[in-house]
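Here is how the chains run, residue by residue.
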There are 2 protein chains.
Amino acid sequence: MRKKKYQDVIDWLINEIENGNYAEGEKIPSEFELAEKFNYSRQTIRRATDELVNNKYLSRIKGSGTYVGYRFRKKQYNTIAVVVTYVDNYIFPNTLKGLSDILTANGYSMSVYYTDDCVLKERENLKLLIADNHIDGLIIEPTKSALPSPNLDLYQKIIDMKLPMLFINAIYPHFNSPCIRINDQKIGEESVNYLFQQGHKKIGCIFQADDIQGHMRYKGFIKGLKKANLKFNQKQICWIDAVSYQNPNQLFSYFLSRLKGCTAVVCYNDFIAEKFIGFCKEQGIRIPEDLSIIGIDDADYSATLIPPLTTFRHPQYHLGELAAKSILKMIDNTNFDANYIFQSQLIIRESVINRKD
Amino acid sequence: MRKKKYQDVIDWLINEIENGNYAEGEKIPSEFELAEKFNYSRQTIRRATDELVNNKYLSRIKGSGTYVGYRFRKKQYNTIAVVVTYVDNYIFPNTLKGLSDILTANGYSMSVYYTDDCVLKERENLKLLIADNHIDGLIIEPTKSALPSPNLDLYQKIIDMKLPMLFINAIYPHFNSPCIRINDQKIGEESVNYLFQQGHKKIGCIFQADDIQGHMRYKGFIKGLKKANLKFNQKQICWIDAVSYQNPNQLFSYFLSRLKGCTAVVCYNDFIAEKFIGFCKEQGIRIPEDLSIIGIDDADYSATLIPPLTTFRHPQYHLGELAAKSILKMIDNTNFDANYIFQSQLIIRESVINRKD
């Protein structure tokens, strides 16, 4: 089958623009001029430019003319950068898979950077991807979002570059970029609510101090205590930082002295819950008979812990999928609102005892 | 000497208003009526009302009349509430003395509340002073300013009451009220700067995670490292919370493992510096030969520690004085800008060794 006439016009226009003969925002020849050049009807020319306008390759301004559209700038590398704190464990492989599946299906490749939750490494990564400048969008999980960031200068550069930027899991306070995350505050509140329903009245927690998720879960936690009319004892609010994940036992030993009298502890995430359960067992504390534990995130190993961990679901793969779909929409449409909060979902297993029985 | 005629008019007007015969914003009798009542000239009446207008006891609206001014509302109790985290130790007695001296000299009494740096106690205090509603202004040091506050509803009530409110030492992020404080970020930066000048290259820190001062000192600290071109090692950033002040040795033992290799440690304040020095000595670590220590605040005992502590000055008494003067100005003039930042001032004693010697 012979190529349609209007396709000739499309191919020629795209070629001219890609070769730089017309830059973004520049006026292309009028329909009359194109009709003369190809010796086609103006209807055929119109059909070609209509299609390019629909796809944002061109934009038509009434009474003025037709111009090279932003699509040429915004989708030139077919690459999305993804910056996360970790890649190889916990919830992150699933999120990366969700991202990758959608991006690949849409013809994009994914450059992955990770920060080890270290601001220095985040800085190196941001510098790299700014210098490289061969990406169409950035999906980023912030590093140490509850502390003043020394990398705001680089974030500002990215904003100035008008690069579509989508946060996942958390966002620095008072940043205006969109963010896809779980409902951290609600999860903190519902963890207390569930424990209270199970007859627990002295509830402590271990939250992470350097991530904003820790602050939001804390906020929900004390809201939950208030709603249940339980006494708030700040001694039983324990704070941990990301560095201490590596070797938390000394801290846990100190926390146990602060948590004395508690019948249940809400852990910042399943990683901490697992380590804390292990430590408690070594101390002869039975879980859940002596101490009930709730985690957050539903890590892949949480169902097979002894006891299986009661926790809150993190959408992991689905969050990755949604983030990928959203960044592509942001590239096509600068007005697209990508903000999304996944609702909390408790997964009841066996690490919480019912004290009413 | 006989009382001036116009003073009769002033006394009568103030008496009438204080007895509630005329409320704030209500029109008082015209000059003509007052002249008839006292059988004085209208010039004498005018002199009396002029003085009351100048002092904001009355306000005159051209072509309409003279009304009871806001001064009667704003200075009716002669009481300033002061809410601080602690009262009986550290820098707080000096700040309270500075406040008290100025307030007393101006005929105000001072109601003191303290929160023990506990949000629950802050809540009780705020509730009390809102219910009491017999204060003209509030000077407040926030509690756990780096965490989401569960008491924002009460702060909002105070703002809605249009009660003059002045923060000291710290303020919740993105609050618009004025604040008098020291330059926490600069102090963090200069502590590194000084240690670097003394030949230190591996510098750790212990900062408080739940107060915004800790975050700002951390921000300055890493800025200082950057300026000195020193390596940033997040393992050497240790975070403590207010509750652990009571019994910090277990934490210190953990921190020492993270601070391994450091020749100097910046402590969040002199309180922590003193405790940490004591702990280090018990472990056989010599201060400053093995480890140099800098504090912040210049507590009353810091000069007599062994070794005497190198630290940064906190204006303590002067901060109290300035806060008291400022709240009085805020009461008189709603447009007065009370924001003030005391500049940093290093006090060199003997807890830092010069490694260049």
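As the structure is a prediction and not an experimental result, all values here were calculated from the model. (Residues numbered from 1 in each chain as written. Chains lettered and ligands numbered in written order. Predicted model: local features only at pLDDT ≥ 70, side-chain atom pairs only at ≥ 80, totals over all residues. Heavy atoms only, no water.)

Asker: How should I be thinking about the interface of chain A and chain B in this particular structure?
Answerer: Reports often express the size of an interface as the amount of accessible area lost when the parts come together. Across the boundary between the two partners, chain A contributes 34 residues, which contact 34 residues of chain B. It is Pro148, Gln234 and Tyr254 of chain A in chain A that bury the most area against chain B; as a group they hold 20% of the surface buried on that side. On inspection of chain A and its partner chain B, the count reaches two salt bridges. Taking the shortest distance from any N to any O, the salt bridge between Arg258 of chain A and Asp241 of chain B comes out at 2.9 Å. Seen at the junction of chain A and chain B, the total is eight residue pairs in polar contact (both at pLDDT 80 or more). Elements with a contribution of two residues or more to the side of chain A that touches chain B: helix H6 (119-132), helix H9 (212-227), strand E9 (237-240) and helix H10 (249-258) of chain A. Within the side of chain A that touches chain B, the residues separate by chemical class into 16 nonpolar, eight polar and 10 charged. (Contact = heavy atoms within 4.5 Å. Buried area = accessible area lost by both parts, 1.4 Å probe. Salt bridge = Lys/Arg side-chain N within 4 Å of Asp/Glu carboxyl O. Polar contact = N/O pair within 3.5 Å; in protein donor to acceptor, adjacent residues only side chain to side chain. Helix = DSSP H or I, 4+ residues; strand = E, 2+ residues; numbered from the N terminus. Nonpolar A, V, L, I, M, F, W, Y, C, P; charged D, E, K, R; others polar.)

Asker: Whenever I open this one, the sheet that holds strand E10 (residues 264-267) of chain B confuses me. Can you help?
Answerer: Pairing between the strands of a sheet comes from backbone hydrogen bonds, and it takes one of two forms, parallel or antiparallel. All names here are of chain B. The four strands lie next to each other as E9-E8-E10-E11, forming an open sheet whose pairing is parallel. Bordering the open sheet on either side are strand E9 (237-240) and strand E11 (292-294), each of which pairs with just one other strand. Between one strand and the next, the sheet's axes are offset by a mean angle of 20°, whatever the strand orientation. With four bridges connecting them, strand E8 (residues 203-208) and E10 associate as parallel partners. Considered in E10, the bridge of Gly204 is made with Val265. Contacts between helix H9 (residues 212-227) and the sheet are confined to E8, E9 and E10, with E8 contributing the most and set at about 160° to the helix. Where helix H11 (residues 270-282) meets the sheet, it contacts E8, E9, E10 and E11, and its direction lies at approximately 140° from that of E10. (Pairing = 2+ DSSP bridges. Axes fitted to C-alpha atoms, helices over the stretch in contact; angles between N-to-C directions.)

Asker: Explain empty space enclosed by the protein here, please?
Answerer: Sizing a probe to match a water molecule and rolling it over the atoms shows the empty space that remains. Summed over all chains, the structure comprises three cavities of 30 Å³ or more. Taken as a whole, the largest cavity spans an internal volume of roughly 150 Å³. Lining the largest cavity are 18 residues, with Trp239, Ile240 and Leu251 of chain A together with Trp239 and Ile240 of chain B positioned closest to its centre. Every element with two or more residues in the lining of the largest cavity is listed here: E9 and H10 of chain A together with E9 and helix H10 (249-258) of chain B. (1 Å grid on protein atoms, 1.4 Å probe; cavity = no way out; pocket = protein on both sides within 12 Å on 5 of 7 lines; lining within 4 Å. Points joined across faces, edges and corners; volume = space filled by probe spheres on them.)

Asker: Can you walk me through the pairing of strand E3 (residues 79-84) of chain B in this structure?
Answerer: Regular strands have side chains that alternate between both faces of the sheet. Residue and element names in this part refer to chain B. Of all six residues that make up E3, six are buried, and the element is covered over most of its length. Covered by surrounding structure in E3 are Thr79, Ala81 and Val83 together with Ile80, Val82 and Val84, the residues of both alternating faces. Pairing between E3 and strand E4 (residues 109-114): six bridges, direction parallel. The residue of E4 that forms the bridge with Ala81 is Ser111. The handedness of the E3 to E4 crossover, carried by helix H5 (residues 92-105), is right-handed. (Buried < 20%, exposed > 50% of the residue type's maximum accessible area, 1.4 Å probe, protein only. Right-handed = clockwise from strand over helix to strand, strands pointing away.)

Asker: Any chance you could explain the packing of H10 of chain B against H11 of chain B here in plain terms?
Answerer: Each pair of packed helices gets described by two things: the angle between the helix axes and the distance between those axes. All names here are of chain B. Between H10 and H11, the least distance of the axes is 10 Å, while the angle of their chain directions is 70°. In this view, H10 runs roughly perpendicular relative to H11, as classed from their interaxial angle. Of H11, the residues touching H10 (which contributes Asn249, Phe252, Ser253 and Leu256) are Ile272, Lys275, Phe276, Phe279, Cys280 and Glu282. Across the contact of H10 with H11, the residue classes tally to six nonpolar, two polar and two charged. (Parallel < 35°, antiparallel > 145°, perpendicular 65-115°, else oblique.)

Asker: I keep staring at the side chain of Glu16 of chain A and nothing clicks. Help me out?
Answerer: All names here are of chain A. Following the sequence through the fold, Glu16 ends up in helix H1 (residues 5-18). Despite its burial, Glu16 pairs with no opposite charge; the closest candidate is Lys37, at 6.9 Å N-O. Apart from residues lying up to four places away in sequence, Glu16 is in contact with Asn21 and Tyr22. (Lys, Arg positive; Asp, Glu negative; His and termini not counted.)

Asker: It is not clear to me how the packing of aromatic side chains should be interpreted in this structure. Could you clarify?
Answerer: In this description, a pair of aromatic rings is defined by centroid distance and the angle of the planes. Residues and elements named next belong to chain A. Evaluation of the coordinates by the stated rule reveals 40 aromatic pairs over all chains. Centre to centre, the rings of Tyr155 and Tyr172 are 5.2 Å apart; their planes meet at 70°, and the pair counts as edge-to-face. Within this pair, whereas Tyr155 is found in helix H7 (residues 152-160), its partner Tyr172 is found in the loop between strand E6 (165-168) and strand E7 (179-182), the two being separated by 17 residues in sequence. What makes Tyr155 buried here is its relative accessible area of 0%. A centroid spacing of 5.4 Å and a plane angle of 50° characterise the contact between Tyr172 and Phe175, whose relative ring orientation is tilted. Members of the aromatic cluster, joined through ring pairs, are Phe252, Tyr254, Phe255, Phe276 and Phe279. For Arg217, the ring lying beneath its charged end belongs to Tyr268, and the centroid distance is 4.7 Å. (Phe/Tyr/Trp six-rings, centres within 6.5 Å; stacked < 30°, edge-to-face > 60°. Lys NZ or Arg CZ within 6 Å of the ring centre and 35° of its normal.)

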